[in-house]
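Spelled out, the chains give:
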Amino acid sequence: MSNRGEQSLLKQSTILMFAVSIAGIVTGFVSGSQSILFDGFFSLIATFIKVLMLITARLIAKESNHRFQFGFWHLEPMVLLIEGSFLLLIAIYAFLNGVFGIINGGREIELGLVIIYAAVFTVVEFAYFFYVRRRNRKLKSSLIQFDNISWLVDAMLSVGLLISFLAALLLKAQGFDEWAKFVDPLILIVLALTMLPPAFKILGPALRDVLGIAPDTLDDQVRQVMEAAKVEHGFDDYVTYVQKHGRARFIEIHVVLPADYALSSVGQLDVLREEISAQLGEPDAARWLTISFTGDKKWIA
């Protein structure tokens, strides 16, 4: 993964999202549309999250130091947890705002302006979402992957706004002005509900990483490799520990050798390490692998 490419894309995404947020907030105030205003504030919050992601990407690129001896990988799930939490909170706020808007009799808005806004940003946001997704096929960055969710959500919001405002325009044209007033708060409720799945999609993995829950897939892979190695090399026993922080995988393997194990040199153990490492997949900068050997089970307890 090219961290420089990751940082460049995150910086570009941050600047563009900030421009979108300003456009949404200004349009919302001018038109009187709470749903457009909500879209703008969502984009503004997304901008701040992107800044945090950019800082995290730069820290990850740095080498470990005395205070952070395992590097800065742990910051990645923390930033994603913040992003998911903000998405969830803003969705709840939007839902309540929409409900109170309906109770209070709806809202009059400037339809011509908001339709132009929704149409332009539907095209812009979907175009940028697909552009980032294509770029990330080479970068393979989890930060970029989750960051791009905000563009998909924003694009979906714009589509929902466009369809709903066109419906309101049609209602007005047919003489149903009173019903058209309820379109804006109804959009707000629908948008809030559509934001819940992306929020939980980010929160789930991030919360698992922050809490230190062992990733099942990685755990199963390590155990399968060690079961095969135990049979092939006649190990007495072994114990494994796995942990994941964002893209970083931490793997510890402690092997118990039998008392009569034929060991001619320390280099023989290194050959075993290389074999186990190869079975676990191609090593990279985000994989921390420790393999130790002992003849006493007390050292693996």
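Computed from a predicted model, the values in this text were never measured in an experiment.

This part covers the overall build of the protein chain. Counting secondary structure elements, the protein chain contains 9 helices and 3 strands. Ordered by position in the sequence, the α and β elements of the protein chain form the string α-α-α-α-α-α-α-α-β-β-α-β. Principal axes of the C-alpha set define a box for the protein chain whose edges measure 90 × 35 × 30 Å. Per-residue burial for the protein chain yields a buried fraction of 47% across its 301 residues. Counting contacts in the protein chain only where the partners sit at least 6 residues apart, residues at least 24 apart contribute 74% of the total. Each charge sign in the protein chain was given a centre, from 26 positive and 29 negative side chains, and these centres are 6 Å apart.

With that settled, the discussion passes to empty space enclosed by the protein. A complete count under the given rule lists 2 cavities of 30 Å³ or more for this structure. Here the largest cavity defines a volume of roughly 60 Å³. Lining the largest cavity, in full, are Phe42, Ile45, Ala46, Ile49, Glu83, Phe86, Leu87, Ile90 and Ser150. Every element with two or more residues in the lining of the largest cavity is listed here: helix H2 (34-61) and helix H3 (75-103). Here the residues of the lining of the largest cavity sort into 7 nonpolar, 1 polar and 1 charged. Around the second largest cavity, the lining residues are Arg107, Glu108, Ile109, Leu111, Ala168, Lys172, Ala180 and Lys181. Broken down by class, the residue content of the lining of the second largest cavity amounts to 4 nonpolar, no polar and 4 charged.

Quick look at the layout of surface pockets now. In this structure, the largest pocket occupies an estimated 490 Å³ of space. Counting only elements with at least two residues in the lining of the largest pocket, the list comes to helix H5 (142-173) and helix H7 (183-211). Per element, the largest residue contribution to the lining of the largest pocket is 4 residues, and it comes from H7. The two domains that each donate at least three residues to the lining of the largest pocket are domain 1 (3-211) and domain 2 (216-299). Taken as a whole, the second largest pocket spans an internal volume of roughly 220 Å³. Along the wall of the second largest pocket there are 13 residues; nearest its centre are Phe129, Gln145, Ile149, Leu152 and Lys201. Among the elements that line the lining of the second largest pocket, the one with the most residues is H5, at 7 residues. Tallied by class, the residues present in the lining of the second largest pocket amount to 8 nonpolar, 3 polar and 2 charged.

So, on to the domain arrangement of the protein chain. According to the domain assignment, the protein chain contains domain 1 (3-211) and domain 2 (216-299). Contacts between domain 1 and domain 2 engage 13 residues on the former and 10 residues on the latter. Across the domain 1 to domain 2 interface the summed buried area is about 970 Å²; carbon plus sulfur atoms make up 53%. At the surface where domain 1 touches domain 2, the tally comes to 1 salt bridge. Note that lysine 244 is salt-bridged to aspartate 209, the shortest N-O span being 3.4 Å.

All chains considered together, the criterion is met by 5 salt bridges. The shortest N-O distance in the salt bridge between lysine 297 and aspartate 237 comes to 3.8 Å. One end of the pair, lysine 297, is in the segment after strand S3 (287-294); the other, aspartate 237, is in strand S1 (residues 237-245), and 60 residues separate them in sequence. Judged by relative accessible area, aspartate 237 falls into the partly exposed class, the value being 23%. Between aspartate 270 and arginine 273 there is a salt bridge, with the nearest N and O atoms lying 2.9 Å from each other. In this pair, aspartate 270 and arginine 273 are both assigned in helix H9 (residues 266-279), 3 residues apart and thus about one turn of the helix distant.

Rules behind the numbers
Residues numbered from 1 in each chain as written. Predicted model: local features only at pLDDT ≥ 70, side-chain atom pairs only at ≥ 80, totals over all residues. Heavy atoms only, no water. Helix = DSSP H or I, 4+ residues; strand = E, 2+ residues; numbered from the N terminus. Buried < 20%, exposed > 50% of the residue type's maximum accessible area, 1.4 Å probe, protein only. Contact = heavy atoms within 4.5 Å. Lys, Arg positive; Asp, Glu negative; His and termini not counted. Charge placed at Lys NZ, Arg CZ, Asp CG, Glu CD. 1 Å grid on protein atoms, 1.4 Å probe; cavity = no way out; pocket = protein on both sides within 12 Å on 5 of 7 lines; lining within 4 Å. Points joined across faces, edges and corners; volume = space filled by probe spheres on them. Nonpolar A, V, L, I, M, F, W, Y, C, P; charged D, E, K, R; others polar. Domains from an automatic or database assignment. Buried area = accessible area lost by both parts, 1.4 Å probe. Salt bridge = Lys/Arg side-chain N within 4 Å of Asp/Glu carboxyl O.

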